[in-house]
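# Geometric and topological summary
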Amino acid sequence: MLEHENTDTFPDPYNSSITNSVSQSTKHSDNTPLLEFRNVTFRYDNAESPALENISFKVHHGETLAIMGDIGSGKSTITNLIPRLFAIESGDILFEGKSIYEWNVDELRAHIGYVPQKAYLFTGTIDMNVRYGAVPNQTITSQDVENACRLSKADEFINRLDGGYQYMVSQGGTNLSGGQRQRLAMARALVRKPDLFIFDDSFSALDGTTERAVRTALHEELQKDNRPALISVEQKVSAAKKADHILIINRGQVAGYGTHDELATTSTVYQQILASQEVTA
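Residues numbered from 1 in each chain as written. Predicted model: local features only at pLDDT ≥ 70, side-chain atom pairs only at ≥ 80, totals over all residues. Heavy atoms only, no water.

### Comments concerning the packing of aromatic side chains
One pass over the full model with this rule turns up nine aromatic pairs. Between the aromatic rings of phenylalanine 37 and phenylalanine 57, the centroid separation amounts to 4.5 Å while the plane-to-plane angle is 20°, which identifies the pairing as stacked. Taken together, the residues phenylalanine 37 in strand 1 (residues 35–42) and phenylalanine 57 in strand 2 (residues 52–59) connect sequence positions 20 residues apart. As far as the burial class goes, phenylalanine 37 and phenylalanine 57 line up, both buried. Ring centres 4.9 Å apart and planes at 50° place the aromatic pair phenylalanine 122 and tyrosine 132 in the tilted group. Of the two residues, phenylalanine 122 sits in the loop between strand 6 (112–115) and strand 7 (124–125) while tyrosine 132 sits in the loop between helix 3 (126–131) and helix 4 (142–151), which places them ten residues apart along the sequence. One aromatic cluster is present, built from ring pairs that chain together Phe42, Tyr44 and Phe86. Its guanidinium or amino end placed over the ring of phenylalanine 203, arginine 215 lies 3.8 Å from that ring's centre, counting from NZ or CZ. (Phe/Tyr/Trp six-rings, centres within 6.5 Å; stacked < 30°, edge-to-face > 60°. Helix = DSSP H or I, 4+ residues; strand = E, 2+ residues; numbered from the N terminus. Buried < 20%, exposed > 50% of the residue type's maximum accessible area, 1.4 Å probe, protein only. Lys NZ or Arg CZ within 6 Å of the ring centre and 35° of its normal.)

### Some points on the packing of helix 4 against helix 6 (residues 178–192)
The interhelical angle for the contact between helix 4 and helix 6, taken along N-to-C directions, is 125°, at an axis separation of 8 Å. The angle between helix 4 and helix 6 places the two elements in the oblique class. Between helix 4 and helix 6 lies a crossing of right-handed hand. Residues Asp144, Val145, Ala148, Cys149 and Leu151 of helix 4 form the contact with helix 6, whose participating residues are Ala187, Leu190 and Val191. Counted by class, the contact of helix 4 with helix 6 contains seven nonpolar, no polar and one charged residues. (Axes fitted to C-alpha atoms, helices over the stretch in contact; angles between N-to-C directions. Parallel < 35°, antiparallel > 145°, perpendicular 65-115°, else oblique. Left-handed = near helix turned anticlockwise from the far one by under 90°. Contact = heavy atoms within 4.5 Å. Nonpolar A, V, L, I, M, F, W, Y, C, P; charged D, E, K, R; others polar.)

### Details of the pairing of strand 4 (residues 90–95)
Pairing analysis gives five bridges linking strand 1 to strand 4, with the strands arranged antiparallel. Its bridge partner being in strand 4, leucine 35 is matched across the sheet by phenylalanine 95. Summarising the sheet, strand 4 and strand 5 (residues 98–99) pair through two bridges and their orientation is antiparallel. Bridge pairing in strand 5 places leucine 94 opposite serine 99. (Pairing = 2+ DSSP bridges.)

### Here we look at the sheet that holds strand 4
Across the sheet, four strands lie side by side as 2-1-4-5; this open sheet has antiparallel pairing. Either end of the sheet is taken by a strand with one partner, and the two such strands are strand 2 and strand 5.

### Overview of the sheet that holds strand 10 (residues 229–233)
One open sheet holds the six strands; their spatial order is 6-9-10-3-11-12, and the pairing between them is mixed. Whereas interior strands pair on both sides, the edge strands pair on one side only; in this sheet they are strand 6 and strand 12 (253–258). If you compare each strand with its neighbour and ignore which way they point, the axes differ by 15° on average. As defined by bridge partners, strand 11 (residues 245–250) adjoins strand 12 across five bridges and the pair is classed as antiparallel. Across the sheet, the residue bridging to isoleucine 248 is glycine 256, located in strand 12. The strands touched by helix 6 are strand 6 and strand 9 (196–200); relative to strand 6, the strand with the most contacts, the crossing angle is about 180°. Packed onto the sheet, helix 10 (residues 268–276) meets strand 3 (64–69), strand 11 and strand 12 and runs at close to 100° relative to strand 11.

### Observations regarding helix 10
For helix 10, the complete set of buried residues consists of Val269, Tyr270, Ile273 and Leu274. One side of helix 10 holds all its buried residues, which, seen down the axis, span an arc of 145°. When the buried face of helix 10 is taken as reference, the exposed residues oriented beyond 90 degrees from it are Ala275 and Ser276. Buried residues in helix 10 make contact with strand 3, helix 8 (237–240), strand 11, strand 12 and helix 9 (260–266). (Arc of directions from axis to C-beta.)

Quick look at the structure:
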């Protein structure tokens, strides 16, 4: 199995055959899911039981999928399988109708903008850290960087820093707050202009006002020409209920898949989540 890398842009050496930019989106049909899990089972090395078992769902262009479940249920494992950070045991994962194992791994990852729960930044300027999200041969202008930071609302604090976009970030981003690091990680994914955004509980360090502003900007981004999709691991029903579909994971298995209204009446696990957060259907 592949080892998980401690970055949010999969920076292993890219194949030089990757096209100029992910903004030149893969041709797609509304009938072909952007991403599809087909009866996927995954087991960590030396584990007796699968971490995921018989997982199936679809995400189309322009759609949002929220993933919910208890800690350790397998939510982040699902997001890690998409860019082939690990190899599955059985089933298949399709991207644009083709198995991800038939894709060149670097080309596959070039279509994905991944934001982890704990954003990691590097020593260098803010501008450099955002540009790190670009794929090979992708032309990134200063305006592109600023636009990405505007969408992630990182511009609100960048403009107050000494040097602005030339402000020097320390290793790991320790001279920035957790919320500021998360917003820069989002900008790093946005500047890539991918077909699929993956946010792994990436709003956890944001205050309510900033979170709502970022989610609104992301929703507008999903309506752009290439109609990217968003998969987001969520903790709060108030956020998940706005997604096109919600996937409920319980002990590595699907415990519900549908809209908020559907799951509120059909999924016992989702009903328990609603009750724990004192949310009415």
